[in-house]
Each structure stands twice: as C-alpha cells, then as structure tokens.
Amino acid sequence: MKHAFSDIRTLSDRPPRWYDQYGVPRYCEPEPAHCPDIYADQVAFFTISCQGCTQTFLVQLSWNRSALVTELLRVAQFLNFSLEKLDMEQLAVAIDRTGFVSAISQRDSHARLPAVSYYGDPPVHKNHDGICPGSTMTSEFVGLDRLYAKNALGVWVQRYPYPG
Ligand SMILES: [Zn+2]
C-alpha cells in the first residue's frame, strides 16, 4: 500500500492529474521534467486500474541507469561477489534490456511493456464506502500513454507514441 499523502490532497479540491512513482498526487502537466528522480534517463506515463473498483489512474515510473548500476554493485558487494568476475559489458547489455526504451517498439509495446511497468498498488483512493480496499491490491496495467527518454544532450525526447 502506498502512502495516502492526505496533507497534499487537502490543499486542493481538484482531483490529481496523475500520480508519480511513489503515489504522490500531482496537479501539474504530466511531463518528464516533473519526475521526482531528477537523474532519471527514461520516464513512462501509463494508465492502471484498481482491482477493487476498476477506477483508472494515470501514473508515472522512471528508470535511472546509474542508480541501477550503483544498486547492483552494492548488492554484489553485500553478497561478497567478486567484482572482477563481473563482465561489465554483459552487465551494461542486461541493464539496457531492463530499460523502457530498449524493451519497446511501436508494434510490440503491449506485449513487452507490462514486464517493465510494474506500478504495484494503486494510489490510495476512495470508493462509495470510504478508502477503497483495492488500494492494498496490485494494480492492473491498462495501457501506455507516453514514454520519454533523455538524448545525449540530456534533453527529454518523446519516444512513444512516436511523434509525427
Ligand atoms: Zn479502487
């Protein structure tokens, strides 16, 4: 279950436009520049639905290559795994395979995206009885809305749907 963020929600009567990767209600345009991870390489906005009440939500996930490498090295050290044994080239390929952009094309987006778009429980929300019990259940992937990646200059470029 995610945090309810009631302190933020009470600031506005308007429904949030989207929810970030932590379930924080957001009221601005869903743009990659508003992603909470300022070092993210890729950002996806997609729709999920609640298993309990079928309400849908626009949510965001981001992907950060350097954070993933750092985390993998930390885990390898924790497991006392010899870093000399790590094939850094293979590791780079494996990491790229977990990325949104390399795992998706216009044609196979529906087949591949659910594997990399696990949002977990939906944002905490209400149904007619109060807090929806679906807030504690894994959300269901409905569809990809937009996908962005930073180019070599660090500028966000829309990668899905392909512009034009
Ligand atoms: Zn619900």
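Keep in mind it's a predicted model, so treat the numbers as computed, not measured.

Caption draft 1: Expanded view of the overall build of the chain. When helices and strands are counted, the chain shows four helices and eight strands. Taken from the N to the C terminus, the helices and strands of the chain come in the order α-β-β-β-β-α-α-α-β-β-β-β. Burial status across the chain gives 23% buried among its 164 residues.

Caption draft 2: Local environment of the environment of C53. By the secondary structure assignment, C53 is in the loop between β3 (42-49) and β4 (56-63). Residue class for C53 comes out partly exposed when judged on the 17 C-beta atoms lying within 10 Å of it. Linking C53 and P133, residues 80 residues apart in sequence, is a C-alpha distance of 8.6 Å. In this structure, C53 is in contact with N127, C132 and G134, ignoring residues within four places of it in sequence.

Caption draft 3: Local environment of the environment of F141. Along the chain, F141 turns up in strand β7 (residues 140-150). With 18 C-beta atoms counted inside 10 Å, the residue F141 sits in the partly exposed group. Sequence separation between F141 and I48 is 93 residues; the distance between their C-alpha atoms is 4.6 Å.

Caption draft 4: Focus on the pairing of strand β8 (residues 156-160). Pairing analysis gives four bridges linking β7 to β8, with the strands arranged antiparallel. Within β8, the position partnered with Y148 by the bridge is Q158. Joining the antiparallel neighbours β7 and β8 is a turn of five residues, in which G154 adopts a positive phi near 80 degrees.

Caption draft 5: Spatial organisation of helix α2 (residues 65-78). Given a rise of 1.5 Å per residue, 14 residues ought to cover 20 Å, and the 20 Å separating the end C-alpha atoms of α2 matches this to within 8%. Burial within α2 is sparse, with just zero of its 14 residues counted as buried. Positive phi shows up at N80, right after α2, with a value of about 60 degrees.

Caption draft 6: Representation of the nonpolar core within the structure. By size, the foremost hydrophobic cluster in this structure holds 18 residues, and its most contacted members are V43, A44, F46, I48 and V59. Listing elements by their share of this core, those giving two or more residues are β1 (18-19), β3, β4 and β7. Here this core takes five residues from β3, the largest share from any one element.

Caption draft 7: Summary view of unusual backbone geometry. With an omega of -15 degrees, the peptide bond between Y160 and P161 qualifies as cis. Its location among the elements puts P161 in the segment after β8. One non-glycine residue, F5, lies in the positive phi region at around 50 degrees. Residue placement: F5 occurs in the segment before α1 (6-9). For F5, a count of 16 C-beta atoms within 10 Å gives the class partly exposed. The backbone phi angle of T54 is positive, close to 65 degrees, even though this residue is not glycine. Counting through the fold element by element, T54 comes out in the loop between β3 and β4.

Caption draft 8: The pairing of β4, seen in detail. Here β4 lies mainly inside the structure; six of its eight residues are buried. Of the pairings in the sheet, the one linking β3 to β4 comprises eight bridges and is antiparallel in character. Bridging from a neighbouring strand, T47 pairs with L58 of β4. Connecting the antiparallel pair β3 and β4 is a turn made up of six residues, with T54 showing a positive phi of about 65 degrees.

Caption draft 9: Here's a closer look at the confidence of the model for the chain. Summing up the model confidence of the chain, the mean pLDDT is 83 and the portion of residues at 70 or higher is 78%. Within the model, pLDDT remains below 50 along residues 102-112, and this stretch shows 13 contacts once partners closer than five positions in the same chain are excluded.

Rules of the game
- Residues numbered from 1 in each chain as written.
- Predicted model: local features only at pLDDT ≥ 70, side-chain atom pairs only at ≥ 80, totals over all residues.
- Helix = DSSP H or I, 4+ residues; strand = E, 2+ residues; numbered from the N terminus.
- Buried ≥ 20, exposed ≤ 12 C-beta atoms within 10 Å, placed from the backbone.
- Contact = placed C-beta atoms within 7 Å.
- Pairing = 2+ DSSP bridges.
- Expected span 1.5 Å × (residues − 1).
- Core = buried A, V, L, I, M, F, W, Y, C linked by C-beta atoms within 7 Å.
- pLDDT = per-residue confidence, 0-100.

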